[in-house]
Structure formats: structure tokens, C-alpha cells
Amino acid sequence: MLDDGLVDGFNPWIGVTVTKKEAHGSENPAIRAYTEAEITRISAEAPDEDTRDSMMFAALTGARRRELYTLKATDCDRGMMFLRGTKNETSVRVIPIHSALKPIIERLAKTRPHTKPLLIDHLQGKTGKKPGDAAGKRFGRYKETVFNDDNTLNYHSFRHWA
């Protein structure tokens, strides 16, 4: 009956159909990159400097939100940005600092302790919250006021623009 772990004459998969499970969020259209006009518009209408800074970092680095909201002044050195905690806690990604970010980094470094992230996330440090979560929600509400119900744009869209 059993030969090399197989059962003779019986296939338990006969009559079973397999359907592909839809990916999380697949009911939404695909996320796309911002156009130049959209970048100009959303930056110009930013409700505050923190939001504008966050968008500039995202658009000019292509970094993930978590990477940006854990970035410290000490992670910016010799024209390079050292992004930590990318896909895992021990990884470091090194990217050049865009010339348009240099004055923003200098301004933020003067106002923030070197041990604290450059970008402000008002809920950072709260139990169960990841760096950038609150900023992401705040950005989502702002984006809705600018682009109404366009589900193809979000904070992650900046990564595709960079």
C-alpha cells in the first residue's frame, strides 16, 4: 500500500479546486508615482513645515516612511545618508543626500537633539506605534484634501517618483 511515502490508488486532491487569494488591498487600484505637477501642488499646499519636510525627504530619497522617521542628524555625514532599519533591524542603506535636502537637514539638525529623529512624528514612542505611523495618517488626511478620492496616490507614491 505505502511505497516511498505514497498511497497507491488514492489521490486526496481529486476534485479539489484552488483559488488564488487576493492580495491585501487588491480592491484598490495600483499605487502610482506622483507627476511633476502633483508634486508641485502637494508641496505648495502643505499645511505645515513638518509635513513639507517629510514630503521632501520622501520624494528626494525614495526612502520608506519608517526609515525617514528614524533618521537622525548623525546618520547624515559627508554627503551621504545612512538609513537604518530598512527591511530588518540590522541593515543599513547608504544613499547620497540630494542638494535640495542639505539646507533642510542643516535646519532640522540645529533644532533637534542629535539623539532624536530629524522628522517629527507626534506619536513616536507610543506603545504599539511604529515610527512614522501618525505622520502617515496625517499625510493621508492632507492628501485627501488636495486630491480628493484618488486612491492611486499615497505616501509610498513618493518612493516611485524619486
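Residues numbered from 1 in each chain as written. Predicted model: local features only at pLDDT ≥ 70, side-chain atom pairs only at ≥ 80, totals over all residues. Heavy atoms only, no water.

Trainee: Honestly, the pattern of salt bridges in this entry has me stumped. Any pointers?
Mentor: Oppositely charged side chains may form a pair once their charged atoms are brought near each other. One pass over the full model with this rule turns up 12 salt bridges. In this structure, Arg41 engages Glu45 in a salt bridge whose closest nitrogen and oxygen atoms are separated by 3.4 Å. The shortest N-O distance in the salt bridge between Glu67 and Arg64 comes to 3.4 Å. For Glu67, a relative accessible area of 1% corresponds to the buried category. Among the residues examined, Arg64 registers a relative accessible area of 23% and is labelled partly exposed. (Salt bridge = Lys/Arg side-chain N within 4 Å of Asp/Glu carboxyl O. Buried < 20%, exposed > 50% of the residue type's maximum accessible area, 1.4 Å probe, protein only.)

Trainee: Please explain the pairing of strand β4 (residues 80-84) as it appears in this structure.
Mentor: Looking down a regular strand, the side chains alternate between one sheet face and the other. Side chains Met81 and Leu83 project from β4 onto a buried face, and the interleaved Met80, Phe82 and Arg84 project onto a face without burial. In this sheet, β4 lies alongside strand β3 (residues 76-77) in antiparallel orientation, the contact comprising 2 bridges. Directly across from Asp77, in β4, lies its bridge partner Met80. Adjacent in sequence and paired antiparallel, β3 and β4 are bridged by 2 residues, among which Arg78 carries a positive phi angle near 50°. Judged from the 5 bridges that link them, β4 and strand β5 (residues 92-96) form a sheet pairing that is antiparallel. If you follow Phe82 over to β5, its bridge partner there is Val94. (Helix = DSSP H or I, 4+ residues; strand = E, 2+ residues; numbered from the N terminus. Pairing = 2+ DSSP bridges.)

Trainee: Sorry, what's going on with helix α2 (residues 49-61) here?
Mentor: Every α-helix carries 3.6 residues per turn, so stepping three or four residues along brings you back to the same face. In this model α2 runs 18 Å from its N-terminal to its C-terminal C-alpha over 13 residues, within 8% of the 18 Å that 1.5 Å per residue would give. Taken together, the buried positions of α2 are occupied by Thr51, Asp53, Ser54, Met55, Phe57, Ala58, Ala59, Leu60 and Thr61. Measuring from the side-chain oxygen of the N-cap residue of α2 to the backbone nitrogen of Asp50 gives 3.1 Å; that N-cap residue is Asp48. Immediately beyond the C-terminal end of α2, within one or two residues, lies Gly62, with a positive phi of roughly 75°. (Expected span 1.5 Å × (residues − 1). Polar contact = N/O pair within 3.5 Å; in protein donor to acceptor, adjacent residues only side chain to side chain.)

Trainee: Hey, could you run me through the packing of aromatic side chains in this one?
Mentor: Any aromatic ring pair is given by two values, namely how distant the centres are and how the planes are angled relative to each other. One pass over the structure, following the stated rule, counts 6 aromatic pairs. Note on Tyr34 and Phe147: the rings are 6.3 Å apart at their centroids and 45° apart in plane angle, and the pair reads as tilted. Remark: Phe147 occurs in helix α5 (residues 133-147) and Tyr34 occurs in the loop between β2 (6-7) and α1 (36-44); sequence separation between them is 113 residues. Of the two residues examined, Tyr34 and Phe147, each falls in the buried class. With a centroid separation of 5.7 Å and an interplanar angle of 80°, the aromatic rings of Tyr155 and Phe158 are classed as edge-to-face. A relative accessible area of 0% places Phe158 in the buried class. Aromatic rings pair up to connect Tyr34, Phe139, Tyr142, Phe147, Tyr155 and Phe158 into one cluster. When the ring centre of Tyr155 is taken as reference, the NZ or CZ atom of Arg65 above it lies at 5.8 Å. (Phe/Tyr/Trp six-rings, centres within 6.5 Å; stacked < 30°, edge-to-face > 60°. Lys NZ or Arg CZ within 6 Å of the ring centre and 35° of its normal.)

Trainee: Would you mind showing me how to read α5 here?
Mentor: Here α5 contains 15 residues, and its C-alpha end-to-end distance of 21 Å stays within 8% of the 21 Å for a straight helix at 1.5 Å per residue. What α5 keeps buried is the set Ala134, Ala135, Gly136, Phe139, Tyr142, Lys143, Val146 and Phe147. The secondary structure elements touched by the buried residues of α5 are α1, α2, α3 (65-68) and α6 (157-161). Residue Asn148 follows α5 closely and has a positive phi angle near 55°. (Contact = heavy atoms within 4.5 Å.)

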